[in-house]
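Fold and geometry: a report
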Amino acid sequence: MTSSYNARPLLALQSWGAVTALGHSAGQTLSSLLGGLSGFQLQHLPELSAEPLTCAPCRHALGIGQEQGAQRLQPLLQSALAEALERLPLPERPPVRQSHLLCLLILPCWVDADMSRRLERAAEQTLAAHPIWPLLGRRQGCTALQGSGGAAHALRRAYAELETDPHLQHIVIAAVDSWAEPSVLDKAAREGLILSHGAAQGTQGFVAGEAAACLVLRPCASVQHLPPGGFVLHRPGLQDNPSPRWPSAIEGDGQALNTAVEQALSQAGLKAEHLSHLASDMDGSGWRVMDELRLQQRALAGCTQDASVLRIAEQLGQTGAAALPLMWAMLAEKEARHIERVNAALTWSLGMDQSTAAVVMERSPRRAARWAPGAPSHG
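Every value quoted in this text rests on a predicted model; they were computed, and no experiment measured them.

1. Looking at the pattern of salt bridges
One pass over the full model with this rule turns up 19 salt bridges. Across the pair Glu333 and Arg337 runs a salt bridge whose closest N-O atoms are separated by 2.5 Å. A salt bridge links Arg363 to Glu335; the nearest nitrogen and oxygen atoms lie 4.0 Å apart. Residue Arg363 is found in strand S14 (residues 356-363), and its partner Glu335 is found in helix H10 (residues 323-336); the two are separated by 28 residues along the sequence. Arg363 sits in the buried class, given a relative accessible area of 5%.

2. Quick notes on the pairing of S14
With respect to burial, S14 is a largely interior element, 8 of its 8 residues being buried. Residue alternation in S14 divides its side chains into two sets, Thr356, Ala358, Val360 and Glu362 and Ala357, Val359, Met361 and Arg363, and both sets are buried. Sheet analysis places strand S10 (residues 237-238) next to S14, joined by 2 bridges and oriented antiparallel. Counted as the bridge partner of Gly237 is Ala358 from S14. Where strand S13 (residues 344-350) lies against S14, 7 bridges are found, and the strand directions are antiparallel. Counterpart to Ser349 in the pairing with S14 is Ala357. Between S13 and S14, which pair antiparallel and follow one another directly, the connecting turn spans 5 residues.

3. A short note on the packing of aromatic side chains
Enumeration according to the criterion identifies 2 aromatic pairs in this entry. Ring centres of Trp179 and Phe206 lie 4.8 Å apart, and the angle between their planes is 65 degrees; this geometry places the pair in the edge-to-face category. Of this pair, Trp179 sits in the loop between strand S7 (168-178) and helix H6 (182-190) while Phe206 is found in the loop between H6 and strand S8 (208-220), placing the two residues 27 residues apart along the sequence. Ring geometry for Trp246 versus Trp287: centroids 6.1 Å apart, planes at 5 degrees, classification stacked.

Conventions and cut-offs
Residues numbered from 1 in each chain as written. Predicted model: local features only at pLDDT ≥ 70, side-chain atom pairs only at ≥ 80, totals over all residues. Heavy atoms only, no water. Salt bridge = Lys/Arg side-chain N within 4 Å of Asp/Glu carboxyl O. Helix = DSSP H or I, 4+ residues; strand = E, 2+ residues; numbered from the N terminus. Buried < 20%, exposed > 50% of the residue type's maximum accessible area, 1.4 Å probe, protein only. Pairing = 2+ DSSP bridges. Phe/Tyr/Trp six-rings, centres within 6.5 Å; stacked < 30°, edge-to-face > 60°.

Here you go:
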C-alpha cells in the first residue's frame, strides 16, 4: 500500500549504518537478530549487589568496554556514520554548488556541553572525509539534540529546514547512546532501574544497552518517485506524557503513545490496516506491555494479524536515543538484502521520560524486475 496523501516533499532514505552489541555493521546486526542471538552479558557490580546485572555493551567495538563519557560514544558514532557514508552512492555528476547539507546528532541525556562539542567535531571530521563533502556549496555544522525522542525531533527539524531551504539536498541523522557507560550504569543500578539476572518477564527494569545508528536522507517529490526498494520516512508523531512514564507512582493510560501513533499515521496518509511491519523498543517491562496493549486496542485495532513485529530491545537492551534510527536501519536492511518485503512500517519509541514518538516508514510502490534472495541493493 502506498500513499499519495502528502503533496509536500518527503525525505527518502539513501543509506544507513549501525553499531550494536550484536555487530559492527547494520548487516551483521540484522543477521544476529534474525539468528535469535542476544547481546546480553552479565556484569558484576559487587559494591551494589551480589547478583550480577544484565547489560548489552558493544564490547567488540570498544575493546575492554570500560571507556567513559565521549571517549566511549565517539567510536560508536563515527563507525555508524562511516558505514552510512561508505554505502552512499556518489552522484554521477557533481552536485550544484548551492547544495546544502544538514547534520543532526542525537545524544544521550547525560552528555554535557563539552562532550557534545567533542562528538560534534568527531562527526564533522567523519563527514569531511567523504568525497562529496568538498562539492557542497554550504555545510551546516552538526546540531545536537538529546533523549529517546531526539530522532523524531531531528526528523521534524529536517522537514522544517526542507520547507524553508530549497537547496537542502543532504540530511544526516546520527544517534548514539549508552546505558552501559560505567558511570551511567552505576547510577541506574543504584536507582534500581536495571533488570537483575533471572528476573521474570513483565517485571520492572531494563537491560542496559548501547548503540549508534546513522541515516542519510535526501528530498524526494513523493513515494512514487523512488526507485524500487527505496523508502521515505514520513513526518513524525510526537506527544509528551504529562509526567515521566517510568519510574512513577502514577499509572499511565497509554494515551501519549496512542496520540503519537495516530499523528504518525495521519502524516503518512495511511491507516493501521496498511501496515506490514511494526517496530518498537518494547523490552517486556510491565508498563511498556500495558501501553502497547492499549495501543493495539485503539490506534492499531485495524492492524492485520500478519504484521511482522520487530522488538530490538529484547535482544539489544535499551538503546535510548539510538532506538528509532536503529529500527529504520534494520527495516531498510531487511528489504535491501531481500530477506523480507517491507511495505509500510510503523516505528515508535516510548521513553522512560515524558517523550513518546512514532514514525511511519514507507517503501516505493515500484517493483524491481525480480525480487529474490541475493546481494544487497540500495537503489
